[in-house]
Each structure stands twice: as C-alpha cells, then as structure tokens.
Amino acid sequence: SQQGEEDPQALSIQEGENATMNCSYKTSINNLQWYRQNSGRGLVHLILIRSNEREKHSGRLRVTLDTSKKSSSLLITASRAADTASYFCATERGTGANSKLTFGKGITLSVRP
Amino acid sequence: DGGITQSPKYLFRKEGQNVTLSCEQNLNHDAMYWYRQDPGQGLRLIYYSQIVNDFQKGDIAEGYSVSREKKESFPLTVTSAQKNPTAFYLCASRMNGRYEQYFGPGTRLTVT
C-alpha cells in the first residue's frame, strides 16, 4: 500500500527558482527519506529526517517534518537544469528485520534553463 | 548507482516463461530488496532479505520468487503466475544499522 503521497504530481520551474515538494503519510514512522530518480535509472538517496527531528539541511536541500500533521516538505534552492528528475518520499516503519520503506508515487520536477 | 549491478538492462520474454533477474552488490550490505515500478505507481516492495538464507514477502510477492544463498546476490524470478510482469524492476541494498537504501540501475522487463 502507498504510505506517502507527494504533492504536486508535477512541477515546472525556471532555473534559479526554488522548488518545494510536499509529502503526506498516514501512520507513525521511524524516519522519512527523500530519493531522486533520473529517467530510466535507479533511485539515489538524498536526505533522511528522523521522527524526532523537525528540519535538516544538506547543501541546497532542506527537508522539514511535521509529525502532528504527518507531512514533510523538500525544498531545493537555486534550482539547476540538472535537478530535473522524479523525487520520491519514503517512510520507514517497523524495527529490525521488519523495517521497510514505503514509497510515494513521486513528483516530476522539470527545471527550464 | 553505487556498488549494485543489475543485469540485463532490458529483458524480453514470451508470456508463460519464467525469467530470472540478477542483482549483485559488493557493498557488504546485509539487507537486500526487490521493488517493482510501474508508470504513475511509484515503487512497490516485492521481497526483501535481511540475512543470507532468509527472506520475507513484501506487498506484492504473488507470482515472484527469490533466493539468498550468498550475501552479495539476491536474484528474482518472475514466474508465469505473475499476471502483469511487464515493469521496471529495481534492486536495492542497505547496511545494517543504516537507514538509506542503495539502488541498482534497474531491469526493464517486457513480456509479450
């Protein structure tokens, strides 16, 4: 079942603008992760935020987590054409051997040069 | 794509045939995963394995089988019982104690 739901489904922006992508989920989580996928390729891990954290930064990425609203947002600042890709949020539930990720359907980001 | 290889990149099969997708990792990761990706559906978990000789069903295991005889290898067999096998298949691995997963480049399977 799909735990994470990203919003919007597609986003088109101009190079240099900021891109904000949102993710909502339904049940309690251990952590939330964001991945990127270039067309026809595997996913690449971008950033992880734990359930007891509210905000994290990594380079041009900023992720926030609001567990009361069961939502997260990923901000990419000063976007580049190379940021064009699909972005997925994934929530981790369970512990130890039962721990697994559930992915959303993804957001397609297009950055126009 | 890290140290995970999937082969082949494209695979074509006739309906009714079983087919095995390869996944190998040299990252010394304990856990390995198979996902299926369909257009507009995101990734869905097929099977996963936390240690050698042990694996668990994911959300959509019907029509698939796996084995984990070696730490570095986690092959997936798509059987003739899988009703809609055409999809993009992704393998991933994870180190014990870490949360992020490392993905292979994927195999696009087309069954006609």
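Trainee: What exactly am I supposed to notice about the sheet that holds strand S7 (residues 61-66) of chain A here?
Mentor: Each strand in a sheet pairs with another by means of backbone hydrogen bonds, the pair being arranged parallel or else antiparallel. Residue and element names in this part refer to chain A. The strand order across the open sheet formed by five strands is S1-S3-S8-S7-S6, and the pairing between neighbours is antiparallel. Looking at strand neighbours, the two that pair on one side only are strand S1 (5-7) and strand S6 (55-58), the edges of this open sheet. Between one strand and the next, the sheet's axes are offset by a mean angle of 20°, whatever the strand orientation. Bridge count between S7 and strand S8 (residues 71-76): six bridges; the pairing is antiparallel.

Trainee: When you look at the environment of Ser24 of chain A in this model, what are you seeing that I'm missing?
Mentor: Of note, Ser24 of chain A is situated in strand S3 (residues 19-24). Each C-alpha atom of the pair Ser24 of chain A and Thr91 of chain A lies 9.7 Å from the other, and the pair is 67 residues apart in sequence.

Trainee: Explain the sheet that holds strand S8 (residues 76-78) of chain B here, please?
Mentor: All names here are of chain B. Spatial ordering of the open sheet is given by S1-S3-S8-S7, a layout of four strands whose pairing is antiparallel. Only two strands of the sheet have a single partner each, and these edge strands are strand S1 (4-7) and strand S7 (64-66). Across this sheet, the average inter-strand angle for adjacent strands is 20°, counted without regard to direction. Sheet topology note: the strand S3 (residues 19-25)/S8 ladder contains three bridges and is antiparallel.

Cut-off values and rules
- Residues numbered from 1 in each chain as written.
- Chains lettered and ligands numbered in written order.
- Predicted model: local features only at pLDDT ≥ 70, side-chain atom pairs only at ≥ 80, totals over all residues.
- Heavy atoms only, no water.
- Pairing = 2+ DSSP bridges.
- Helix = DSSP H or I, 4+ residues; strand = E, 2+ residues; numbered from the N terminus.
- Axes fitted to C-alpha atoms, helices over the stretch in contact; angles between N-to-C directions.

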